Amino acid sequence: MHVLVLNAGSSSLKFQLVDPETGARAAHGNVQGLGVGGRSHEEALREVLATLGDVRVDAVGHRVVHGGERFHDATLVDDEVIAAIEAQISLAPLHNPANLMGIRATRALLPGVPQVAVFDTAFHVRMPRRAKTYALDAELAAEHGLRRFGFHGTSFRYVAQLAADHLRAPLELLRIVALHLGNGASACAIEYGHSVETSMGMTPLEGLVMGSRAGDLDPGIVLRLARELGVDEAEALLNQRSGLAGLSGVSNDLRELQRLAAEGDDRARLAINVFAHRARKYVGAYAAVMGGVDAIVLTGGIGENSASMRRRILQRLELFGVRIDEDLNQDAKVGVEQPVFEISEDRARVRTLVVATNEELQIARDTAAVVRGAEEVRQPGPIPIAVSARHVHLNRAAMDVLFGPEAELTPMRPLSQPGQFAAEERVTLVGPRGRIERVRVLGPLRPRCQVEVSRTDEFLLGVDAPVRHSGHVQGSAPITLEGPAGTLHLDEGLICAWRHIHMHPTDAEAFGVKDGDEVEVAITGGVRDLVFGDVSVRVSEKFVLEMHIDTDEANAAELDTGAAGAMLEVYSTPKGGAVGRLEKKRWRG
Ligand code: AMP
């Protein structure tokens, strides 16, 4: 498979043709001089395609800088996705319009080739609220979308995985401080595989000292500059004439500054020291944010190549357990052949790694995964999820006892499954330990009584109910019901509902499943993504597509009714046997 990775800037189009499996690069280059007065992105792409000759492009992966709050993962590009990227333009006025030009050019010249957008911000989307919130007027911040987004996410994801592979530890067990130090620079606290803090903020201007960007500043300075120089001039100053370039007055290239510093140039020396000091400050802060650190990763042009800058940054971090072997630091060389080089001493508690980043390869891999996923998953769309609170189904005899002879249920609102309704009537559940009042009765009446509760409810009641499919109440747990007209003790009928999906036969066909199949359903895009296994498929002409889970399950994934899931995998389980299997897995308090 060949993925064409495009990084479209306002004046250039960088490209690489990558095999996502091997990482082999079949072609690469940078077409410059685009934009005002120059060629269009479409003309540039036509040139790129001409250089590729006969090689078939199977998919195109686009680097897109800003995905805003909307994009959590790499995403197949369609009209709706283009509109959504367009909607984020105000957040990345320099980048997103150019990225879109690349996408549109590809659509025009490679129609039918799947395109995937991979977002720099996506890795940071699920940062905790405390990390992404600026201490500003909350309403104003919400209205203007003022929050920390973070960038370099593709690079951080790539180097973190390489670091975990090198350390032979699952990423889910590591706390990593990653420093991407290039012309743009940022730090990221990666706690158990997730970005929990990063130094670039709403724009790529915040945080570390960069080639020509200032990084952290007293906002009072920004105000004063804007007042005295005008907003545009202040913006240009902070973006283009600050950082290493501004401090040194000479260059944004660290190599040049190191040469000048060696000759005694004081401004170059100060620039280098400010850069290192700021980076070290962030390492310490992020260790504190994560309550510790297992590995430090340095990447980007400076992180990968400058031993002296690495030494400056990493000195004085012994208190965390960082110990650098200076010989290894000097020797460190990373590249495509050997992307990871460890520079810590054997006895160091914190492992320090130099890692060669490869954002293009990560984009190619993400693109391939999305394209393959789209091919494999035949599903027509997300599965709506309804959260079932505790409820009761009654039969005629129970109705007579609880609500009086011949009493009828009073429909209050219809449920999504046709013919079913929530009734006005409520009962009290009474267990050996406690009571739960005002539990809703669902209609219509059924042949057998059934009471469905969550694990938390069982705890309150002091009962132990089996996980069962609806209707399978034989041998389930006892429970007492109190109604306005009387009390009814059920010897069986109390269950914890087996999570399930209702499907019409047309849905089942579209998803490629049948009644009784079990599937996995993934909940993504929230703060507590979860895969539900053992989800039973129920197919009937009477059903409409909907997954039902109980309140505990919904809480675990931080879901409300109205959320949706995607089917991951279908597996068949022998009926009957599965009940025992699931009961064994049950949590017992
Ligand atoms: P990047 O944006 O990741 O390509 O990083 C580019 C920056 O890395 C350049 O501007 C240089 O400052 C820095 N860099 C690259 N090679 C070296 C080196 N051997 N020593 C010091 N700095 C380097």
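Residues numbered from 1 in each chain as written. Predicted model: local features only at pLDDT ≥ 70, side-chain atom pairs only at ≥ 80, totals over all residues. Heavy atoms only, no water.

J.: Account for a nonpolar patch on the surface, naming residues and giving values.
T.: Together, L217, I221 and V222 make up a nonpolar patch on the protein surface, roughly 200 Å² of accessible area in all. Examined against the element boundaries, L217 turns out to sit in the loop between β9 (194-198) and α7 (219-229). (Patch = residues over 30% accessible without salt bridge, like charges linked within 9 Å, V, L, I, M, F, W, Y side chains within 5 Å. Areas by Shrake-Rupley, 256 points an atom, 1.4 Å probe, with all protein chains shown as cover. Salt bridge = Lys/Arg side-chain N within 4 Å of Asp/Glu carboxyl O. Helix = DSSP H or I, 4+ residues; strand = E, 2+ residues; numbered from the N terminus.)

J.: Run through the site of the ligand, naming residues and quoting values.
T.: The environment of the ligand is made up of G182, N183, D253, L254, R255, Q258, G300, G301, I302, N305 and S306. One of the side-chain N or O atoms of D253 is found 3.2 Å from an oxygen atom in the ligand. Between the ligand and the protein, one listed contact pairs a nitrogen atom with a side-chain N or O atom of N305 at 3.4 Å. When the free accessible area of the ligand is taken as 500 Å², the share hidden by the protein chains comes to 70%. Contributing elements (two or more residues each) for the shell around the ligand: α10 (254-262) and α12 (300-305). At four residues, the largest contribution of residues to the shell around the ligand is made by α12. Its residues assigned to classes, the shell around the ligand comprises two nonpolar, seven polar and two charged. (Near = heavy atom within 4 Å. Polar contact = N/O pair within 3.5 Å; in protein donor to acceptor, adjacent residues only side chain to side chain. Nonpolar A, V, L, I, M, F, W, Y, C, P; charged D, E, K, R; others polar.)

J.: Give a description of the nonpolar core that names residues and reports values.
T.: Of all hydrophobic cores here, the largest spans 46 residues; its most connected members are L181, I296 and M309. Among the elements of the structure, β7 (175-181), β8 (185-191), α10, α11 (266-290), β10 (295-299) and α13 (307-314) are those that each provide at least two residues to this core. In terms of residue count, the dominant contributor to this core is α11 (eleven residues). Sequence-distant contacts of M309, that is, excluding residues within four places in its chain, are made with L254, Q258, I272, F275, A276 and I302. In terms of nonpolar packing, the next biggest core, distinct from the first, is built from 31 residues, L174, I176, A178 and I190 among them. (Core = buried A, V, L, I, M, F, W, Y, C linked by side-chain atoms within 4.5 Å. Buried < 20%, exposed > 50% of the residue type's maximum accessible area, 1.4 Å probe, protein only. Contact = heavy atoms within 4.5 Å.)

J.: Before we move on, can you summarise α7 with the specific residues and values?
T.: Among the residues of α7, the N-terminal cap falls to D218, whose side-chain oxygen and the backbone nitrogen of G220 are separated by 2.7 Å. Directly beyond the C-terminal end of α7, a positive phi value near 90° is found at G230.

J.: If you had to explain the sheet that holds strand β12 (residues 351-355) to someone new, which residues and values would you point to?
T.: Reading across from one edge, β9-β8-β7-β10-β12-β11 is the order of the six strands in this open sheet, with mixed pairing throughout. Where the open sheet ends on each side, the last strands, each with one partner, are β9 and β11 (340-342). Here the average twist between neighbouring strands, direction ignored, is 25°. Bridging between β7 and β10 involves five bridges; their strand directions are parallel. The residue bridging I176 from the neighbouring strand is A295, located in β10. Sheet strands in contact with α11 are β7, β8, β9 and β10, and its direction is about 160° off that of β7. Strands β7, β10 and β12 of the sheet are contacted by α13, whose axis makes an angle of about 145° with β10. (Pairing = 2+ DSSP bridges. Axes fitted to C-alpha atoms, helices over the stretch in contact; angles between N-to-C directions.)

J.: Run through the confidence of the model for the protein chain, naming residues and quoting values.
T.: Taken as a whole, the protein chain shows an average pLDDT of 90; of its residues, 94% reach a score of 70 or greater. Overall, residues 572-589 carries pLDDT values under 50, and its contacts beyond four positions in sequence, including any with other chains, amount to 28 contacts. (pLDDT = per-residue confidence, 0-100.)

J.: So what's going on with the sheet that holds strand β6 (residues 115-119)? Residues and values would help.
T.: Ordered by their spatial adjacency, six strands build an open sheet running β3-β2-β1-β4-β6-β5, and the pairing between neighbours is mixed. With one partner strand each, in any of the chains shown, β3 (25-32) and β5 (75-76) form the two edges of the open sheet. Note: strand β1 (residues 3-8) against strand β4 (residues 59-64), four bridges, orientation parallel. Considered in β4, the bridge of L4 is made with V60. Contacts from helix α1 (residues 41-52) reach β1, β2 (12-18) and β3 within the one sheet, and its direction differs from that of β2 by about 30°.

J.: Any chance you could break down the pairing of β8 for me, citing the residues and the numbers?
T.: Among the seven residues that make up β8, six are buried, leaving the element largely enclosed by the rest of the structure. Strand direction decides the pairing type here: β7 and β8, joined by seven bridges, are antiparallel. Bridging from a neighbouring strand, L179 pairs with A187 of β8. Hairpin geometry of β7 and β8 is characterised by an intervening segment of three residues between the two adjacent antiparallel strands. Of the pairings in the sheet, the one linking β8 to β9 comprises four bridges and is antiparallel in character. What sits directly across from A189, in β9, is E197.

J.: Please provide a residue-by-residue account of the packing of aromatic side chains, values included.
T.: For the coordinates displayed, the defined rule picks out two aromatic pairs. A centroid spacing of 4.3 Å and a plane angle of 10° characterise the contact between F71 and F119, whose relative ring orientation is stacked. Pair noted here: F71 is in the loop between β4 and β5 and F119 is in strand β6, with a separation of 48 residues, a long-range link. In this structure F119 comes out as buried when scored by relative accessible area, which is 2%. On the basis of an interplanar angle of 80° and a centroid distance of 5.5 Å, the ring pair of Y282 and Y286 is categorised as edge-to-face. Of this pair, Y282 and Y286 both sit in helix α11, four residues apart, which is roughly one turn of that helix. For the pair formed by Y282 and Y286, the shared burial category is buried. Cation over ring: R433 sits above F459, and NZ or CZ is 5.4 Å from the ring centre. (Phe/Tyr/Trp six-rings, centres within 6.5 Å; stacked < 30°, edge-to-face > 60°. Lys NZ or Arg CZ within 6 Å of the ring centre and 35° of its normal.)

J.: Explain the packing of α7 against helix α8 (residues 231-240) to me, and be specific about the residues and the numbers.
T.: Their axes nearest at 7 Å, the elements α7 and α8 cross at an angle of 130°. Regarding the angle of α7 to α8, the classification is oblique. Both α7 and α8 take part in a crossing whose hand is right-handed. Contacts between α7 and α8 involve V222, L225, A226 and L229 from the former and V231, E233, A234, L237 and L238 from the latter. A breakdown of the residues in the contact of α7 with α8 according to their chemical character gives eight nonpolar, no polar and one charged. (Parallel < 35°, antiparallel > 145°, perpendicular 65-115°, else oblique. Left-handed = near helix turned anticlockwise from the far one by under 90°.)

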